[in-house]
Amino acid sequence: MVDEDDKVTDGEPGRERGGQHGTGRQPPGEILVPVRRRPDMVRFLVAGGFLGFVVGAFVGRYGPDAPNSSALQELILLGATGLLVGLLLGSAAYLLADRRSSRR
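Every residue gets a number counted from 1 within its own chain, in the order that chain's sequence is written. Two thresholds apply to this predicted model, a pLDDT of at least 70 for residue-level local features and 80 or more for giving and counting side-chain atom pairs, whereas whole-chain, interface and lining totals are computed over all residues. Side-chain figures throughout are based on the complete set of non-hydrogen atoms in the structure, without hydrogens or water.

So, on to the packing of aromatic side chains. Two rings belonging to Phe, Tyr or Trp (six-membered ring only in the last case) form a pair when the distance between their centres is within 6.5 Å. Interplanar angles under 30 degrees mark stacking, angles over 60 mark edge-to-face geometry, and anything in between is tilted. Scanning all chains against the criterion turns up 2 aromatic pairs. Pairing Phe 44 with Tyr 94 gives two aromatic rings, centres 5.9 Å apart and planes at 65°, and the pair type is edge-to-face. Here Phe 44, found in helix α1 (residues 41–62), pairs with Tyr 94, found in helix α2 (residues 71–102); they are 50 residues apart in sequence, far enough to count as distant. A 1.4 Å probe rolled over the protein chains alone gives each residue an accessible area, and that area as a share of the maximum for its type sets the label: buried under 20%, exposed over 50%, partly exposed in between. By relative accessible area, which is 26% here, Phe 44 ends up partly exposed. Ring geometry for Phe 58 and Tyr 62: centres 5.0 Å apart, planes at 50°, overall tilted. Within this pair, Phe 58 and its partner Tyr 62 are both found in helix α1, separated by 4 residues, close to a single helical turn. We count a charge as sitting over a ring when the NZ of a lysine or the CZ of an arginine lies within 6 Å of the ring centre and within 35 degrees of the ring normal. Against the face of Tyr 62 rests Arg 61, its NZ or CZ located 5.4 Å from the ring centre. Comment: elements are numbered from the N terminus, with helices defined as DSSP H or I runs of at least four residues and strands as E runs of at least two.

Below, the structure is given as structure tokens:
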């Protein structure tokens, strides 16, 4: 179990294992466990997809008209294309954030 101070406990309230933060000392026989905060992939993908769809729909609505297609067809096509591009960029941003979090 991990407390708010990122110290490992043995399940009982008030009993902490591990050394003090910032002192560099550790009692003999105790193990400090590093805590890694990973980014959430779903949030990156949802945000990228949403922003991509919005940008694509905006371009489809206010961009130049395509011959032989309605405004709704343009909006859906460019919105879906923007969604795919946004998912791609969101996944790339997630990979960069994940790599950066593992270097610490």
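Attention now moves to the side chain of Ser 101. Tracing the sequence through the fold places Ser 101 in helix α2. For Ser 101, a relative accessible area of 15% translates into the label buried. Residues within four places of Ser 101 in sequence aside, it is in contact with Arg 36, Arg 37, Arg 38 and Pro 39. Here a residue-residue contact requires only that any non-hydrogen atoms of the pair lie within 4.5 Å.

This part is about α2. The end-to-end C-alpha distance of α2 is 46 Å, a good match for the 46 Å that 32 residues give at a rise of 1.5 Å each. Along α2, the positions that sit buried rather than exposed are Glu 74, Gly 79, Gly 82, Gly 86, Gly 90, Tyr 94, Asp 98 and Ser 101. Residues of α2 that are buried in the fold lie against α1. To estimate the expected span of a helix, count its residues, drop one, and scale the result by 1.5 Å.

Quick look at the pattern of salt bridges now. Salt bridges are defined by distance alone: a side-chain nitrogen of Lys or Arg within 4 Å of a carboxyl oxygen of Asp or Glu. The final tally for this structure, using the stated rule, is 2 salt bridges. Of the charged contacts, one joins Asp 98 and Arg 38 as a salt bridge, the two residues approaching to 3.5 Å between their closest N and O atoms. Residue Asp 98 is located in helix α2, and its partner Arg 38 is located in the segment before α1; the two are separated by 60 residues in the primary sequence. Under the relative-accessibility criterion, Arg 38 is labelled exposed at 53%.

Lines fitted to the C-alpha atoms define the axes, with helices restricted to the stretch that makes contact. Angles between their N-to-C directions range from 0 to 180 degrees. Relative to each other, α1 and α2 sit at 150°, their axes nearing to 6 Å. On the basis of their axis angle, the class for α1 and α2 is roughly antiparallel. Two packed elements cross with a definite hand, and for α1 against α2 that hand is right-handed. Residues are sorted three ways: Asp, Glu, Lys and Arg are charged, Ala, Val, Leu, Ile, Met, Phe, Trp, Tyr, Cys and Pro are nonpolar, and all the rest, Gly among them, are polar. For the contact of α1 with α2, the class distribution of residues is 14 nonpolar, 10 polar and 2 charged. Should an angle lie under 35 degrees it is considered roughly parallel, over 145 roughly antiparallel, and from 65 to 115 roughly perpendicular; all remaining angles are considered oblique. We call a crossing left-handed when the near helix sits turned anticlockwise from the far one by less than a right angle, and right-handed when that turn is clockwise.

Relative to the assigned elements, Gly 82 resides in helix α2. Residue classification places Gly 82 among the buried positions, given a relative accessible area of 12%. Between the C-alpha atoms of Gly 82 and Gly 52, which are 30 residues apart in sequence, the distance is 4.3 Å. The contact partners of Gly 82, leaving out residues within four places of it in the chain, are Gly 52 and Phe 53.

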